[in-house]
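These are the residues of each chain, in order.
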Amino acid sequence: MNIRQLLLGAALAVLTIAPSFADQALEIRDRFSDEIIGNGPDIVFIPGLSSSRDTWKAQAARLKDRYRVHLIQVAGFAGETPRANASGPVLVPTAEAIDAYLVEKHLTPATIVGHSLGGTMVLYLAQKHPADIKKGMIVDSLPFYSTLMMGPNATVAQAQPIADGIRANPSNVMGGPRYDSIMKSMATSDADRATIIAWGKASTPSTVANAIADDMTLDLRPDLAKIGAPLTLVYPDYVAMGATPGSTGTMYRGAYAAVPGMSFVEAKNSLHFIMLDQPVQMDAALDAFLAK
């Protein structure tokens, strides 16, 4: 199995349950909600495709005595009402709504962390709203998702027919043996995989389908060299799925080579959900990122 096959499934990101907090506040917007925990400098976490904000609850519990943590959840994912994401594009409108919220709440320039589809949003914001981003961490995401299927020379025009088919058939996105098989590339433990599948099946199919199609046709490669905010990429080695040691690093570093001063952190013995598979490595990467 090659690295693109291993990573193709990783875009179908959904996530795990963790403890809730007594000192939380909740902001509900048309395209997302924000659970706010703790006190201190603000840090914003965005989960991935079909994911709950609980993706980041373990990190929030560790950071909340030092930071005010914002846990975003995209409307339509992991059981949240889809609201404005019930139909039409999801990725860019949600990223724009998050940026407007950050500006409104005086959180800019923001420190922001995103996993998978959330990482795509971080990269998008760093390009489109550079004044609003202080620094960003991207966890297992690429500048153009369709390169996983079509190789490094993939184009939006090539991806468009596939994306259109996904939009037209949202019921095919979740469920079935193929979906369960893809989920095996998400985390190493059976318990985490079961939870991941459950979160995905609790998502709104049309929202998920539109988000996947958006991701397939959003090519952020052309403006990578213009990014000014410091970015860190944390990526898994996928050795547990048969990847050759070092092969994911070669791919990721090549994909982000144009970004000035990009930092890279490899999570060893990890699949897509690094915060589940290797929480110690994830926490160390976060601490180093926040200390910069």
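The structure this text deals with has already been given above.
Just so we're clear, the structure is a prediction, and the values are computed from it rather than from any experiment.

A. Structural detail: the sheet that holds strand β3 (residues 42-46). One open sheet accounts for eight strands, arranged β1-β2-β4-β3-β5-β6-β7-β8; its pairing is mixed. At either end of the open sheet lies a strand with only one pairing partner, and these are β1 (24-28) and β8 (263-267). Neighbour-to-neighbour, the strand axes of the sheet open up by a mean angle of 20 degrees, direction not taken into account. Sheet topology note: the β3/strand β5 (residues 110-115) ladder contains three bridges and is parallel. In the strand pairing of β5, I46 is matched with G114. Each of β3, β4 (68-74), β5, β6 (133-139) and β7 (231-236) is contacted by helix α4 (residues 117-128), which is oriented at about 145 degrees to β5, the strand it contacts most.

B. Region of the structure containing the pattern of salt bridges. In the structure shown here, the tally under the stated rule is 15 salt bridges. For the salt bridge of D42 with R68, the shortest nitrogen-to-oxygen distance reads 2.6 Å. Of this pair, D42 sits in strand β3 while R68 sits in strand β4; the two residues are 26 residues apart in sequence, bridging distant segments of the chain. Note on R68: relative accessible area 30%, which makes it partly exposed. Of the charged contacts in the structure, one is a salt bridge between D223 and K226, with a shortest N-O distance of 3.3 Å. One network of salt bridges, in which partners are shared, links E27, R29, E104 and K105.

C. Structural context of the side chain of S141. Here S141 shows up in the loop between β6 and α5 (147-150). Reaching out from S141, the side chain makes a polar contact with the backbone oxygen of S116 at a distance of 3.1 Å. Polar contacts involving the side chain of S141 include one to the side chain of T120, which spans 3.0 Å. For S141, the residues in contact, after removing those within four places along its chain, are S116, G119, T120, L233, Y252 and Y256.

D. View of the pairing of β4. Within β4, six of the seven residues are buried, which leaves the element mostly enclosed by the surrounding structure. Across seven bridges, the pairing between strand β2 (residues 32-38) and β4 is antiparallel. Note that in β4 the partner of I36 across the bridge is H70. Across four bridges, β3 lies against β4 in parallel orientation. Paired with I43 across the strands is V69, a residue of β4.

E. Structural detail: unusual backbone geometry. The amide bond that connects T108 to the next residue, P109, takes the cis arrangement and shows omega of -5 degrees. Position of P109 among the secondary structure elements: in the loop between α3 (91-104) and β5. Positive phi outside glycine occurs at A78, with the angle close to 55 degrees. Relative to the helices and strands, A78 is located in the loop between β4 and α3. On the basis of relative accessible area, A78 is assigned to the buried category, the value being 7%. Located in the positive-phi region is N269, a residue other than glycine, with phi close to 55 degrees. Positionally, N269 belongs in the loop between β8 and α11 (274-277). By relative accessible area, N269 is classed as exposed at 52%.

So, how was this worked out
- Residues numbered from 1 in each chain as written.
- Predicted model: local features only at pLDDT ≥ 70, side-chain atom pairs only at ≥ 80, totals over all residues.
- Heavy atoms only, no water.
- Pairing = 2+ DSSP bridges.
- Helix = DSSP H or I, 4+ residues; strand = E, 2+ residues; numbered from the N terminus.
- Axes fitted to C-alpha atoms, helices over the stretch in contact; angles between N-to-C directions.
- Contact = heavy atoms within 4.5 Å.
- Salt bridge = Lys/Arg side-chain N within 4 Å of Asp/Glu carboxyl O.
- Buried < 20%, exposed > 50% of the residue type's maximum accessible area, 1.4 Å probe, protein only.
- Polar contact = N/O pair within 3.5 Å; in protein donor to acceptor, adjacent residues only side chain to side chain.

Any link to function would need more than the numbers given here.
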